[in-house]
There are 2 protein chains.
Amino acid sequence: MAEALRVGIAGLGTVGASVARVLRDKAAELTRQCGREIVVTAVSARDRSRDRGVDLSGAKWFDDPIELAEKADIDVFVELIGGDEGAARSCVSAALAAGRHVVTANKALLAKHGVALAEVAEKKGVLLNYEAAVAGGIPVIKTMREAMAGNSVNRVFGILNGTCNYILTRMEAEGLTFEACLKDAQRLGYAEADPTFDIEGNDTAHKLAILTSLAFGTRIASDDIYLEGISNITQADIRAAGELGYRIKLLGVAQRTESGIEQRVHPTMVPTASVIAQVHGVTNAVAIETDILGELLLSGPGAGGNATASAVVGDIADIAKSRPGFQHGPVFGRPAKELRPYKKAQMRSHAGGYFIRLTVHDRTGVFAAIAKRMADNDISLESIVQHANGSDGVSEKTVILVTHETTEAAVRKAVDGVTKDGHLTDKPQVIRIERAG
Amino acid sequence: MAEALRVGIAGLGTVGASVARVLRDKAAELTRQCGREIVVTAVSARDRSRDRGVDLSGAKWFDDPIELAEKADIDVFVELIGGDEGAARSCVSAALAAGRHVVTANKALLAKHGVALAEVAEKKGVLLNYEAAVAGGIPVIKTMREAMAGNSVNRVFGILNGTCNYILTRMEAEGLTFEACLKDAQRLGYAEADPTFDIEGNDTAHKLAILTSLAFGTRIASDDIYLEGISNITQADIRAAGELGYRIKLLGVAQRTESGIEQRVHPTMVPTASVIAQVHGVTNAVAIETDILGELLLSGPGAGGNATASAVVGDIADIAKSRPGFQHGPVFGRPAKELRPYKKAQMRSHAGGYFIRLTVHDRTGVFAAIAKRMADNDISLESIVQHANGSDGVSEKTVILVTHETTEAAVRKAVDGVTKDGHLTDKPQVIRIERAG
């Protein structure tokens, strides 16, 4: 049997402790599968004394993760510290420079520095595996990087943030407000004390940026993503969506168009009968559409110590199965130096259907004015729902329009026009509709 | 750059021609991804003259696939002939014996001889890849063999036969009979002239047997599978399922139980709101439940030249990325020699919910008799629906029972009892209910 694979883990939070436990509890089975033992020989974390439910006394302790990365007797460096700069970036760089394989769950780091790190890894002939960085336990990186060789991707989209999906699921199921669901998510540990990063779509954007690179062979462009969070979604939107046969999900979408690649994160209406519409709670899902395979959908746990650990252990096992001198495929599917620049498609040229909810004064001529604004912008309507708000002496109406395929520019112009006409009593709501199988 | 990977393809039907086309059309991209060229240097098929939409004049033609496997200048032998014996078995054996990597889409061959072939491959240090053999373009083999390292599987189940799912989908959507939908499936090329193998569940069983081995580390036992096809499913079942919040799918299920492993293929009621219930038409899906990751679901095209070719090309690309001296993980996840014997759980001890549809004489005491038979066998009922059949002068009633969790033995005994009581006017229908997220 080959020599044991020596693993160093930097960061022993929920995920790191879970990885150490799985490597210990499943040692015999992993050895059988990989043809060699996997042993944790070094660890690093801030607090030496904390009980992590796993005996790490056999591993050498490093107070400094960079020292672990550079000097420990390890073959694989596992980075579970987090953050796009600081210790995480320094120790991953150090490990790669020292010619060690790296496994990381750090989406922020990869979204910002992934290509540069990949160049080092490929130059050094080591692996940089990051299955856990996108959609937790779902093997979407392996699928896109390996299984889809030969496929040209047209679109990849998904539910990439469990916090948002949990909130939207509960809003729909229980008729609660966004704020009430967010509070519950925080209480249950699904959302941070400062939830901005999740609910405004930044976390989804980081993951999407990685998928875009894998899908289209482009350099990661995580700052060039159209971003809209879910904090403006109301019960009125969710109810209207339901009546029209849609469900609202926060999607990250990367799509090839004639003018470039769209990268966008926004609340989206998907058909209630689609598979992705059934992805509830903290579950994640990714759909990939290609020329040869067609449409593939993967769904599963997108976060949590164990699900994330599963992906990390899978990455470590892949390295254990490799042998010295072997180099698996490039980090982002194509050699990092050959990744093409990301050519952004302008959001205003986005083509698709739109849901438009308008709260208007209940007076003669309003609907005609709205219809004219739509027609003037060549927007044809698939359905129109209109109903009075409340009951007693209310002089407001809600008008809901669902458009056939049109462009973002047309919709913005039409809605601006309606706003200028002075008929609205509230901010207009516009939600994009996404085709989904 | 490394030397080109030389590929020989035996069998140039729909899938074989599609593989050759993809390797040609995507040559530049595949080279970028794999770090070396992939070239088809040899082919074999029955008819030399047929136009396959791809120029194969650069490849050496072999009339005998076994000669190709043994003597051609190739690194990878791709078997797309089909069948569990004859040419397919002989040429795969010959290729492995000659120390060549093998890629195959042949589920029947693997279900019958997979372990023996894996032993040869592992002894020779070559790869035997078979992603296309189960669920077409869905990367379920890669997921179970690689991504889930460290996970213990509790249950794997799926829609593994597109023909059956197409028929059931149309029966539900259009209210047609099984026979009418089957005829349409045949007309559209989704079903064979003799459809037995698909509709009676044998095809699903072959694929399930392979998944069982990957899931539980057991030797493939494709002859030891409980089998029930879909030809007995009627509109009455589909309508009743819908009313009760279920949809009927033909599932293959492998499940770890206290007394062994269940392998079963049968029509199954899954909750309408579950993800797998939204898998329509010829699409396939596989759900995998493990201790660490939780539940993962993959859905996508399960058949068709291109989807199958996508999986074959992915397998070839994995080999292209490997280098001499490298050995990836074992063929069925664990070394073939260490696969444990399959220990079968008896079907009579299967535990779960059941849907029971009884057509009975409309006379006093019938329902009491049925209720007594259920109670005598400790079966508690979740719901009961009863309605008269037809309208004029009909003396028949339909009784539909949905049980809480009970056992197969109890249900069989109860239904036998009801039958013996002499109240039934038609064969009783029993459909198992499967938990699904």
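Residues numbered from 1 in each chain as written. Chains lettered and ligands numbered in written order. Predicted model: local features only at pLDDT ≥ 70, side-chain atom pairs only at ≥ 80, totals over all residues. Heavy atoms only, no water.

One key point about sheets: their strands pair by backbone hydrogen bonds, in either a parallel or an antiparallel sense. Residue and element names in this part refer to chain B. In space, the six strands of this open sheet follow the order E3-E2-E1-E4-E5-E6, with parallel pairing throughout. Edge positions in the open sheet fall to strand E3 (60–62) and strand E6 (128–129), since each of these has one partner strand only. Bridge count between strand E2 (residues 38–44) and E3: three bridges; the pairing is parallel. Residue pairing for E3: Ser 44 is matched across the bridge by Phe 62. Seen against the sheet, helix H12 (residues 305–321) touches strand E1 (5–10), E2, strand E4 (76–79), strand E5 (101–104) and E6 and runs at an angle of roughly 165 degrees to E5. (Pairing = 2+ DSSP bridges. Helix = DSSP H or I, 4+ residues; strand = E, 2+ residues; numbered from the N terminus. Contact = heavy atoms within 4.5 Å. Axes fitted to C-alpha atoms, helices over the stretch in contact; angles between N-to-C directions.)

This part takes up the domain arrangement of chain A. Frequently, the measure chosen for interface size is the accessible area removed from exposure when the parts meet. Residue and element names in this part refer to chain A. Per the domain assignment, the segments making up chain A are domain 1 (5–137 + 305–338), domain 2 (150–301) and domain 3 (349–433). Computed over C-alpha atoms only, the centres of domain 1 and domain 2 are separated by 28 Å. Counting from both sides, the interface comprises 20 residues of domain 1 and, opposite them, 17 residues of domain 2. For the pair domain 1 and domain 2, the two sides together bury roughly 1,400 Å², of which 67% comes from carbon and sulfur. (Domains from an automatic or database assignment. Buried area = accessible area lost by both parts, 1.4 Å probe.)

Let us now look at the pairing of E1(B). All names here are of chain B. For E1, the tally of buried residues reaches five of six residues, placing the bulk of the element in the interior. Bridge count for E1 against E2 is six bridges, and the pairing is parallel. Bridged to Leu 5 within E2 is Ile 38. In the sheet, E1 pairs with E4 via four bridges, with the strands oriented parallel. Bridge pairing in E4 places Ala 10 opposite Glu 79. (Buried < 20%, exposed > 50% of the residue type's maximum accessible area, 1.4 Å probe, protein only.)

A few words on the state of the cysteines. For the coordinates displayed, the defined rule picks out zero disulfides over all chains. With no disulfide of its own, Cys164(A) has Cys181(A) as its nearest cysteine by sulfur position, at a separation of 12 Å. (Disulfide = S-S within 2.5 Å.)

A separate point is helix H6 (residues 140–147) of chain A. With eight of eight residues buried, H6(A) lies mostly within the body of the structure. Those residues of H6(A) that sit buried are Val140(A), Ile141(A), Lys142(A), Thr143(A), Met144(A), Arg145(A), Glu146(A) and Ala147(A).

A word on the relation of the copies chain B and chain A. Laying chain B over chain A is done by rotating through 180 degrees and shifting 0.0 Å along the axis; what remains is an RMSD of 0.0 Å. Here the symmetry operator amounts to a two-fold rotation axis. Considering only C-alpha atoms, the residue of chain B closest to the rotation axis is Leu298(B), which sits at 2.3 Å. Comparing interface residues between copies, 100% of those in chain B also lie at the interface in chain A; the contact surface is shared. (Least-squares fit on C-alpha atoms with pLDDT ≥ 70 in both.)

Further remarks concern a nonpolar patch on the surface. Taken together, the side chains of Leu188(A), Tyr190(A) and Val282(A) present a nonpolar region at the surface, about 240 Å² in accessible area. For Val282(A), a relative accessible area of 33% corresponds to the partly exposed category. (Patch = residues over 30% accessible without salt bridge, like charges linked within 9 Å, V, L, I, M, F, W, Y side chains within 5 Å. Areas by Shrake-Rupley, 256 points an atom, 1.4 Å probe, with all protein chains shown as cover. Salt bridge = Lys/Arg side-chain N within 4 Å of Asp/Glu carboxyl O.)

Attention now moves to the nonpolar core. In terms of nonpolar packing, the biggest core is built from 168 residues, with Phe77(A), Val140(A), Ile167(A), Phe77(B), Val140(B) and Ile167(B) touching the most fellow members. The residues contacting Ile167(B), other than those within four sequence positions of it, are Phe178(B), Cys181(B), Leu182(B), Ala185(B), Ile199(B) and Ile230(B). Formed by 36 residues, the second largest nonpolar core is a distinct cluster that contains Ile9(A), Leu30(A), Leu56(A) and Ile292(B). (Core = buried A, V, L, I, M, F, W, Y, C linked by side-chain atoms within 4.5 Å.)

All right, on to empty space enclosed by the protein then. Residues and elements named next belong to chain A. Applying the stated criterion across every chain yields a total of 11 cavities of 30 Å³ or more. In this model, the largest cavity occupies a volume close to 120 Å³. Counting residues per element, the lining of the largest cavity draws most heavily on helix H12 (residues 305–321), which supplies five residues. Each residue belonging to the lining of the largest cavity can be placed in one class, and the counts come to seven nonpolar, four polar and six charged. (1 Å grid on protein atoms, 1.4 Å probe; cavity = no way out; pocket = protein on both sides within 12 Å on 5 of 7 lines; lining within 4 Å. Points joined across faces, edges and corners; volume = space filled by probe spheres on them. Nonpolar A, V, L, I, M, F, W, Y, C, P; charged D, E, K, R; others polar.)

All right, on to helix H8 (residues 178–187) of chain A then. Residues and elements named next belong to chain A. Regarding H8, the residues found buried are Phe 178, Cys 181, Leu 182, Asp 184 and Ala 185. Taken around the axis of H8, the buried residues stretch over an arc of 160 degrees, which confines them to a single face. Turned more than 90 degrees from where H8 packs its buried face, Lys 183 and Arg 187 sit exposed. Next to the buried residues of H8 lie helix H7 (162–174) and helix H9 (196–199). (Arc of directions from axis to C-beta.)

Before going further, it helps to spend a moment on the interface of chain B and chain A. Listed as interface residues are 54 residues of chain B and, on the opposing side, 54 residues of chain A. Note on chain B versus chain A: buried area summed over both sides is about 4,400 Å², and carbon and sulfur give 55% of it. If you look at where chain B meets chain A, you find eight salt bridges. Measuring nitrogen to oxygen at the nearest pair gives 3.2 Å for the salt bridge that ties Glu338(B) to Arg32(A). On inspection of chain B and its partner chain A, the count reaches 18 residue pairs in polar contact (both at pLDDT 80 or more). At the level of secondary structure, the elements contributing two or more residues to the side of chain B that touches chain A comprise helix H2 (27–34), helix H6 (140–147), strand E12 (295–301) and H12 of chain B. Ranked by the residues each element gives to the side of chain B that touches chain A, the list is headed by H12(B), at eight residues. Among the residues forming the side of chain B that touches chain A, the class breakdown is 20 nonpolar, 20 polar and 14 charged. As judged from the three bridges shared by strand E12 (residues 295–301) of chain A and E12(B), these two strands associate in the antiparallel manner. If you follow Leu298(A) over to E12(B), its bridge partner there is Leu298(B). (Polar contact = N/O pair within 3.5 Å; in protein donor to acceptor, adjacent residues only side chain to side chain.)

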